[in-house]
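In case you want the letters, here they are:
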Amino acid sequence: MPRKQIHLAAHFPGVNNTTVWSDPASGSHIDFSSFQHFAETAERARFDFLFLAEGLRLREQGGEIYDLDVMGRPDTFTILAALAAVTDRLGLAGTINSTFNEPYEVARQFASLDHLSAGRAAWNVVTSWDAFTGENFRRGGFLPQEKRYSRAKEFLAAAFTLFDSWAPDAGIVADKETGEFWRPTGEFSIHTDQFAIDGRFPVPRSPQGRPVILQAGDSEEGREFAASGADAIFTRHGTLEAGQAFYADVKGRLAKYGRDPEDLKILPAATFVLGDTDAEAQERARHVRYQQVSPATAIKFLEQLWNRDLSDHDPDGPLPTVDPVVGENTISRGRASVRMYKDPIATANEWRALAEAKQLSTREVIIEVTGRQNFIGTPQRIAEALDEFVQADASDGFVLVPHVTPGGLDEFADTVVPLLQERGVFRTEYEGTTLREHLGLKPAPTTSGADF
Ligand SMILES: Cc1cc2nc3c(=O)[nH]c(=O)nc-3n(C[C@H](O)[C@H](O)[C@H](O)COP(=O)(O)O)c2cc1C
């Protein structure tokens, strides 16, 4: 059997604690030259696409702005439109939530980006974390949890109807290059639980017809949503076993929607640390972890689980002897990790057991239990590991998350990509022009079949 081809995306780090802001090699996260450098590296390495996450509100902890990580970011569509002008083949993926936006506006923006980029737009449809995130958008706060995915489904179906609302016709718009004529097929009329909109869509059908649809969300509803309509999933399942279980689960859901396994690509986030020898890479990885979890960051993480002010706690001392405050987490607002601590007392006890067994300080425990690098080693070792991961059906590729912006992808592009190409598992040239073609996806349908 031929080896599966690997798909690669590059995540321009946004608001997270992977990015080592304090590293002397870190540049601006706002200046366009950073986005351009990053995109040009990804394109020269023949990546499928560049990915922008979305942070809608500055996070807070203990009532203050959380300023230990990168904070604040220019608007997604504006960045991607500018990148379309300085790249030629690289896909351009933006995270835009379906909870606080409106389908007409978002469809107009993505159709426009798809035109400006000649078929390279992708939309990561997220439902967003919490009420806090959305307070700046909606009067009265947030849609209840159980309604977020039903709104997302209605939102996507509505957007598809708009994307598909121009048909080939000896009509009013001519594309001089292709000689195609298009015109709107009539008025759209979308009446659902969430929307009541009528009108005509102003943007002619775009090169991909519809942007590539990505999904990021892990619940039962999130997986079903992806299986029913997404082209790719951005996931956190970064170990081989977790990746294989997720891959089998999600691909197994496609048949009931009349879809084939290759219609949905699984792309976990992956971090990496390279070195000339494996030992050097391990040492660099250790150094990066200490940069990512500064003493101040360790205390903030601690507070998120303990759900109380621990600003006087010594990060180099043992874990607190008091227990976490159980109940609604009120200390931290606007970040996802808080939701992962379903049973804070049990988690605190696990951390204490770990500290005891390995004789770790508070900061060292945090370094152990919070995210770590997935791939560490020489370029050869990393190329082999990435390839094995994909061939073992733990994923179809990766969304790489470098820890330094904007140069953190350069070394990977220069050393690992040529080895993947030698192995015959990664393209040496773009074969198509659109992102859909890079990802090996079928052309987008021309009608959503939705009945509003
Ligand atoms: C890998 C990953 C990346 C995500 N990125 C974003 C993001 O950039 N912005 C955002 O508002 N939500 C983001 N989300 C949150 C999801 O959109 C979703 O709201 C959240 O995971 C809750 O859905 P779930 O219950 O299905 O997991 C991300 C989720 C995952 C798993």
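In every chain, residue numbers begin from 1 and rise along the written sequence. For a predicted model such as this one, the threshold for reporting local features is a pLDDT of at least 70, and the threshold for listing and counting side-chain atom pairs is 80 or more; totals across whole chains, interfaces and linings nevertheless cover every residue. Side-chain metrics rest on all non-hydrogen atoms present in the structure, leaving aside hydrogens and water.

(A) Up close: unusual backbone geometry. A cis geometry characterises the amide bond from Thr405 onward to Pro406, with omega recorded as 0°. Helix numbering and strand numbering both begin at the N terminus, where a helix is a DSSP run of H or I of at least 4 residues and a strand a DSSP run of E of at least 2. Its place among the elements puts Pro406 in the loop between strand S17 (397-400) and helix H13 (410-422). Its identity is not glycine, yet Arg46 carries a phi of approximately 65°, on the positive side. Relative to the helices and strands, Arg46 is located in the loop between helix H1 (32-44) and strand S2 (49-52).

(B) Molecular detail of the side chain of Asp69. Mapped onto the elements, Asp69 comes out in the loop between strand S4 (64-65) and helix H2 (76-86). Two N or O atoms count as a polar contact when they lie within 3.5 Å, although within protein this holds only if one can serve as hydrogen donor and the other as acceptor, and sequence-adjacent residues are included solely when both atoms are side-chain atoms. Among the polar contacts listed, one links the side chain of Asp69 to the side chain of Arg59, at a separation of 2.7 Å. Leave out the neighbours within four places in its chain, and Asp69 touches Asn16, Asn17, Arg59 and Arg335. Contacts are residue-level and defined by heavy atoms, with any inter-residue pair within 4.5 Å sufficient.

(C) Representation of the site of the ligand in the model. In the vicinity of the ligand lie 17 residues, with Val126, Thr127, Tyr149, Asp218 and Ser219 positioned nearest. Here an oxygen atom of the ligand and a backbone polar atom of Ser128 are 3.0 Å apart. At a separation of 2.5 Å, an oxygen atom of the ligand approaches a polar side-chain atom of Ser219. Asp, Glu, Lys and Arg are counted as charged, while Ala, Val, Leu, Ile, Met, Phe, Trp, Tyr, Cys and Pro are counted as nonpolar; the rest, among them Gly, fall into the polar class. Residues of the shell around the ligand, tallied by class, amount to 6 nonpolar, 6 polar and 5 charged. Throughout, the term near means that a residue has one or more heavy atoms lying within 4 Å of the molecule or strand in question.

(D) Highlighting the domain arrangement of the chain. Annotation of the chain at the domain level lists domain 1 (7-278 + 373-439) and domain 2 (294-369). Source of the domain bounds: an automatic or database domain assignment. Between domain 1 and domain 2, the C-alpha centre-to-centre distance is 32 Å. Across the boundary between the two partners, domain 1 contributes 13 residues, which contact 13 residues of domain 2. Salt bridges are counted wherever a side-chain nitrogen of Lys or Arg sits within 4 Å of a carboxyl oxygen of Asp or Glu. Summed over the shared surface of domain 1 and domain 2, the result is 1 salt bridge. With a shortest N-O distance of 3.9 Å, Glu60 and Arg333 are connected by a salt bridge.

(E) Representation of the sheet that holds strand S15 (residues 332-333) within the structure. Note on pairing: two strands pair once DSSP finds at least 2 bridges between them. Strand order in the open sheet made by the 3 strands is S4-S3-S15, with antiparallel pairing throughout. The sheet terminates laterally at S4 and S15, the two strands that pair on one side only. As paired elements, strand S3 (residues 60-61) and S4 share 2 bridges and run antiparallel to each other. For Glu60, the partnering residue across the bridge sits in S4 and is Ile65.

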